[in-house]
Amino acid sequence: MSNERAKTLVNSLTSSFVKTLKPYESARRLHSGGQDWLNANESPFSNNYQLDDSTFNRYPSCQPDAVIQGYAYYADVSKEQVLVSRGADEGIECLIRAFCEPGKDSIVICPPTYGMYAISAETFNVSVEKVPLLGGFALDADSIIERCESPKLIFVCAPNNPTGTLVEREKLIQLLKAYTNKALVVVDEAYIEFAGETSVVSLLADYPNLVILRTLSKGFALAGLRCGFTLAAPAIIETMLKVIAPYPIAEPVAQVAAQALSQAGLEKLSEQVDYLQAQKQILVERISAIPQLSIIGGLHANFVLVCAHNKQGLMDYLVSEGMLIRDQSKQQQLDNCLRISIGNEQQNDRLLALIVQFYDNVGVLAS
Ligand SMILES: *Cc1c(COP(=O)(O)O)cnc(C)c1O
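To start, this report covers the structure provided alongside it. (Residues numbered from 1 in each chain as written. Predicted model: local features only at pLDDT ≥ 70, side-chain atom pairs only at ≥ 80, totals over all residues. Heavy atoms only, no water.)

**Focus on helix α8 (residues 169–178)**
Buried within α8 are the following residues: K171, L172, L175 and L176. For α8, the angular spread of buried residues about the axis comes to 140°, placing them on one side. Of the residues in α8, the exposed ones pointing more than 90 degrees away from the buried face are E170 and K177. Looking at the buried residues of α8, the elements they touch are α7 (141–147), β5 (153–157), β6 (184–188) and β7 (210–215). (Buried < 20%, exposed > 50% of the residue type's maximum accessible area, 1.4 Å probe, protein only. Helix = DSSP H or I, 4+ residues; strand = E, 2+ residues; numbered from the N terminus. Arc of directions from axis to C-beta. Contact = heavy atoms within 4.5 Å.)

Okay, structure coming up:
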């Protein structure tokens, strides 16, 4: 094989900033085995859909009408305020490509938070200003305004991954006002289905610099579909359409998404979210009874964040048992923290049993 020669070639051709990049360590890339996946905030439900293959010979619509219409109805916005993309991740990417000049512009993120904002920015040679969350994981709007004079995009995740916390509406409005005519404030509502009536969609009418990200990956139980949405003023959506791929949504994806957004689909969503919220409550009560674990952050998503004694030992033990959760301890303010996605009753029971087993026996024997 001539890969050695290819390596030399690649080394001489790769742009200098790409050389510094590392591939995103998604939950799936870190651990592909395992039997219980409580590491990627996926839904434990897998639902049934029908496919009509009669148009698979044709290129799909760029923005399939049934999907746009379905999501506009669900989110209570107009069709012109909706963009559908290959997951919310592609929405993040389109925002950066549409609004940031490589090598010049910057975005703001508030760690600990979702990793893709920074990864996507770095991929396009856009710099990342970090303004950490305050104690209790509150948004530090004052410091953002004070320190970040001319970012193009400010990413605010609410409910935040991995802390499960919300953002005070007044703080968000403070940001929207401070950056009117200057920057877009992007509120990532990937977990909104688990957060009651906390969406900021109603603010779109008053703040043209507000952008909201949504996804079918979490509450809708369709992470494998790769389908997400951006909600914003029509002018913002039109600009994003200039940079999005010509066919971002495959025809089977459009068909499944339309079914998920139908009346029956929305009823199923609501039932499954209710089930997971009840499971979360049970899990929280049982975790609280384990002295070596403490829950930190909020409970407004489909996961809980815990601080664990002998974090590495516990993590290794769970992995060895095929029970995958997500280590968040590399993020600032999250030493010894693990994130547990809410699974079905059986998965949650097994997780708890393994944790108890570890602290009662395995961990004690090892130390
Ligand atoms: C999971 C997640 C996403 C990604 O959504 P996709 O539609 O699967 O790309 C976006 N933001 C946050 C905060 C997430 O946790």
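**Concerning the sheet that holds strand β3 (residues 106–109)**
Across the sheet, seven strands lie side by side as β2-β8-β7-β6-β5-β3-β4; this open sheet has mixed pairing. In this open sheet, the two strands that pair with only one neighbour each are β2 (82–85) and β4 (127–130). With strand direction ignored, the average angle separating the axes of adjacent strands in the sheet is 25°. Bridging between β6 and β7 involves four bridges; their strand directions are parallel. Counterpart to V186 in the pairing with β7 is V211. Packed onto the sheet, helix α5 (residues 87–99) meets β2, β3, β5, β6, β7 and β8 (228–231) and runs at close to 150° relative to β7. Helix α6 (residues 116–123) contacts β3, β4, β5 and β6 of the sheet and is inclined by roughly 165° relative to β3. (Pairing = 2+ DSSP bridges. Axes fitted to C-alpha atoms, helices over the stretch in contact; angles between N-to-C directions.)

**Considerations on the environment of I287**
Examined against the element boundaries, I287 turns out to sit in helix α11 (residues 263–288). Along the sequence, I287 and V306 sit 19 residues apart, while their C-alpha atoms lie 8.7 Å from each other. Each residue touching I287, except ones within four places of it in the same chain, is listed here: L293, I295, V304, V306, I340 and L352.

**Some remarks on the packing of α5 against α6**
Taken N-terminus to C-terminus, the directions of α5 and α6 make an angle of 45°; their axes are 10 Å apart at the nearest point. Relative to α6, α5 is oriented oblique. Note on packing geometry: the crossing formed by α5 with α6 is right-handed. In contact with D89, I92, E93 and I96 of α5, α6 contributes M116, Y117, S120 and A121. Its residues assigned to classes, the contact of α5 with α6 comprises five nonpolar, one polar and two charged. (Parallel < 35°, antiparallel > 145°, perpendicular 65-115°, else oblique. Left-handed = near helix turned anticlockwise from the far one by under 90°. Nonpolar A, V, L, I, M, F, W, Y, C, P; charged D, E, K, R; others polar.)

**So, the side chain of N161**
Following the sequence through the fold, N161 ends up in the loop between β5 and α8. On the basis of relative accessibility, which here comes to 7%, the residue N161 falls in the buried class.

**Observations regarding the site of the ligand**
If you check the shell around the ligand, you find 13 residues, and the closest are A88, D188, T215, S217 and K218. N161 is positioned such that a nitrogen or oxygen atom in its side chain is 2.9 Å from an oxygen atom of the ligand. At 2.5 Å from an oxygen atom of the ligand is found a side-chain nitrogen or oxygen belonging to T215. In the complex, the protein chains occlude 94% of the 390 Å² of accessible area that the ligand would expose alone. In terms of residue count, the dominant contributor to the shell around the ligand is α5 (three residues). Here the residues of the shell around the ligand sort into five nonpolar, four polar and four charged. (Near = heavy atom within 4 Å. Polar contact = N/O pair within 3.5 Å; in protein donor to acceptor, adjacent residues only side chain to side chain. Areas by Shrake-Rupley, 256 points an atom, 1.4 Å probe, with all protein chains shown as cover.)

**Comments concerning the packing of α5 against helix α9 (residues 234–243)**
The N-to-C vectors of α5 and α9 enclose an angle of 90°; their axes lie 9 Å apart at closest approach. One element, α5, and the other, α9, form an angle in the roughly perpendicular class. Along its contact with α5, which presents G91, C94, L95, R97, A98 and F99, the element α9 presents I236, T239, M240 and V243.

**Focus on the sheet that holds strand β13 (residues 337–341)**
Ordered in space as β9-β10-β13-β12, the four strands form an open sheet in which the pairing is antiparallel. If you trace the sheet from one side to the other, it starts and ends with β9 (293–296) and β12 (326–327), each paired once. Bridging between β9 and strand β10 (residues 303–308) involves four bridges; their strand directions are antiparallel. Bridged to S294 within β10 is C307. On the sheet, α11 packs against β9, β10 and β13 and is oriented at approximately 10° with respect to β10.

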